[in-house]
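As a plain string of letters, each chain reads:
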Amino acid sequence: MVGRLVLAVVMAVGPVPMVAQAQDGSVFYPPAGCTGALTIQMRSCRVANIYTCAADAPGENWKLVLEADGPVFLSKIDRETQWLESYDLFPTQHNVLRLPADDPANLTELLETGIDTFDFVQKMDERIVRVVGYDRLTGDDVIIDGEPLLGTEFSARYEDFEGTYLTVTGREYVSVRHRRFIGGVTTRMQDGREVERDYTPIDFIYPDEPGFFSKTPLYDCEASLARYVPTVKGYDQ
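Because the structure is predicted, anything quoted here is derived from the model rather than measured.

K.L.:
I'd like a rundown of the environment of Leu-74, residues and numbers included.
P.N.:
In this fold, Leu-74 is placed in strand β6 (residues 70–77). With relative accessibility at 0%, the residue Leu-74 sits in the buried group.

What follows is the structure, given as structure tokens:
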């Protein structure tokens, strides 16, 4: 099933650095020229596999997110956590950051000052969307599965030519070691409807550890609310 889904995505969006299925049907490996770095098992029936590719600029890395039925999201960020491009897979949508941003996401600024504002534009297929908001350190730092994480809160407003159509708020984490945001609890408000999701990390798995680059999420998969909601801004980077 997953192999067919990946093939369908590649055919739909063109040459994308997707992971290839290994002989072991429970494991994924990065494409040629890329190296697996980290697997994160999260709540709400999600697992993320992070990898780097030699052809990319230093500090850039990819993340493939999978749910129980297979891959749902692929994203690429840079060293400052700018969401350079991403693919929502159901339905398929290609998102690209317009560079340079007016006020780019900047992890260094967040770590040095405790707050980082952003104001940038994404091209979502044929739609142009402006994203405005902030990330802020809260001091609610934790250690999860031996991994030190900084607590953050965020707010983001999404605008198109008709005005604001979506707001997203929440609390998540930053890994200084990996220079990336790690999921937490987010709330989306759109068309008067509020949806909350909990993508809190549970396991951090490294190369040569059991479960590394697994395609199978482990937690909350029996819950009826474990349904894919398209990621926005990169708060599931």
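K.L.:
Before we move on, can you summarise the state of the cysteines with the specific residues and values?
P.N.:
Evaluation of the coordinates by the stated rule reveals two disulfides. Each sulfur of the disulfide joining Cys-34 and Cys-53 lies 2.0 Å from the other. Here Cys-34 and Cys-53 share a disulfide; its torsion about the S-S bond, 100°, makes the bridge right-handed. Taken together, the residues span a long stretch of sequence, with Cys-34 in strand β3 (residues 34–42) and Cys-53 in strand β4 (residues 46–53) at a distance of 19 residues. Using a relative accessible area of 15% as the deciding quantity, one classes Cys-34 as buried. Paired by a disulfide, Cys-45 and Cys-221 hold their sulfur atoms 2.1 Å apart. Since a negative S-S torsion denotes a left-handed disulfide, the Cys-45-Cys-221 link at about 95° is right-handed. One end of the pair, Cys-45, is in the loop between β3 and β4; the other, Cys-221, is in the segment after β16 (201–205), and 176 residues separate them in sequence. In this structure Cys-45 comes out as buried when scored by relative accessible area, which is 3%. The connectivity of the disulfide-linked cysteines in the chain, indexed sequentially, is 1-3, 2-4.

K.L.:
Lay out the pairing of strand β10 (residues 127–137) with the relevant residues and their values.
P.N.:
The side chains of a regular strand alternate, residue by residue, between the two faces of the sheet. Across 10 bridges, strand β9 (residues 115–124) lies against β10 in antiparallel orientation. Paired with Thr-117 across the strands is Tyr-134, a residue of β10. Here β9 hands over to β10 after two residues, with Asp-125 in that stretch at a positive phi of 55°. Two elements, β10 and strand β12 (residues 147–160), share eight bridges in a ladder whose sense is antiparallel.

Criteria and cut-off values
Residues numbered from 1 in each chain as written. Predicted model: local features only at pLDDT ≥ 70, side-chain atom pairs only at ≥ 80, totals over all residues. Heavy atoms only, no water. Helix = DSSP H or I, 4+ residues; strand = E, 2+ residues; numbered from the N terminus. Buried < 20%, exposed > 50% of the residue type's maximum accessible area, 1.4 Å probe, protein only. Disulfide = S-S within 2.5 Å. Pairing = 2+ DSSP bridges.

Function cannot be inferred from these measures alone, as they are strictly geometric.
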